[in-house]
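Coordinate analysis (summary)
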Amino acid sequence: MADDKQNGSDMVDKAAVEVAQMALESNEDVAKPATAPKEAAHDDAASKGATKKEENGTPKAAPVSTAAFKEQFKAFSKFGDTKSDGKHLTLSQSDKWMKQAKVIDKKITTTDTGIHFKKLKSMKLSFADYNTFLEDLAKTKKVELDEIKSKMANCGAPGIHNATPGKAAETVARLTDTSKYTGSHKQRFDETGKGKGIAGRKDLPDSSGYVSGYTHKNTYDKTH
């Protein structure tokens, strides 16, 4: 009889332990969802902070069209070389291209381009090698490669420079305005600005018969 009571007590204790464990696990499961949103909120805030930081940072240049860049490569490889097949570029042609695209400036100089170009140990670079040259140059000078390529792809046909319009014309107009000439230079042109030729450069003898300094020359028929 004592054994039966003891066994019954053990079964009750065991059941109580199991119930307690189940209750504990239930409480843990209930507590987890409350914690999860906090973690999710933290992750969301972190991602927003990262996005904001990226937005406030310097925007990266948009990827350049390989086709457009390659067309410019061909055009400048033929610039000044009528026999070029458009597949290779010399250092001189590269520098002209970069100057026109305003890639060569205070930060990137012709000395820099010369050093990096000669690293490839060739007088002319193929399109693939030229891309390697630009990558190395951009990395060394800490400039975005896409920014360099974008400028070079959109600088226009070889030989086109965006000079300030009107400056040269204004200078030429000022220099050729004969009304502003003084001294002996003024005597070389008549009232309309037309050059007098040799008469404006030398004192030619007057064989008209009038006394030197007479101011009414050729007026006789008009007054009589």
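Above this text sits the structure in question.
Let us look at the structure shown here. This is a predicted model, so every value here is computed, not measured.

1. Focus on the overall build of the protein
For the protein, the count of helices and strands is 9 helices and 2 strands. Looking at the protein as a whole, 18% of its 224 residues are labelled buried. Within the protein, residue pairs in contact and separated by at least 24 positions form 54% of the contacts whose partners lie at least 6 positions apart. Put simply, the protein shows about 17400 Å² of open surface, and 55% of that area lies on carbon and sulfur atoms.

2. Observations regarding the packing of helix α2 (residues 66–77) against helix α5 (residues 127–141)
Put simply, α2 and α5 touch, their axes get as near as 12 Å, and they point 105 degrees apart. It follows from the interaxial angle that α2 and α5 lie roughly perpendicular. Together, T66, F69, K70 and F73 of α2 and F127, Y130, N131 and L134 of α5 make up the contact between the two elements.

3. Quick look at the pattern of salt bridges
Tallied over the full model, the rule gives 3 salt bridges. We note a salt bridge from D112 to K141, for which the minimum N-O separation is 3.4 Å. Taken together, the residues D112 in helix α4 (residues 110–118) and K141 in helix α5 connect sequence positions 29 residues apart. Residue D112 is classed as buried on the basis of its relative accessible area, which comes to 13%.

4. Regarding the environment of L89
Residue position: L89 is located in strand β1 (residues 89–90). When its relative accessible area of 0% is taken as the criterion, L89 is described as buried. It is 8.2 Å that separates the C-alpha atoms of L89 and K74, two residues lying 15 residues apart in sequence. L89 has contacts with F73, F76, S77, S94, W97, F117, M123, K124, L125 and Y130, leaving out every residue within four places of it along the chain.

Cut-offs used in this document
- Residues numbered from 1 in each chain as written.
- Predicted model: local features only at pLDDT ≥ 70, side-chain atom pairs only at ≥ 80, totals over all residues.
- Heavy atoms only, no water.
- Helix = DSSP H or I, 4+ residues; strand = E, 2+ residues; numbered from the N terminus.
- Buried < 20%, exposed > 50% of the residue type's maximum accessible area, 1.4 Å probe, protein only.
- Contact = heavy atoms within 4.5 Å.
- Areas by Shrake-Rupley, 256 points an atom, 1.4 Å probe, with all protein chains shown as cover.
- Axes fitted to C-alpha atoms, helices over the stretch in contact; angles between N-to-C directions.
- Parallel < 35°, antiparallel > 145°, perpendicular 65-115°, else oblique.
- Salt bridge = Lys/Arg side-chain N within 4 Å of Asp/Glu carboxyl O.

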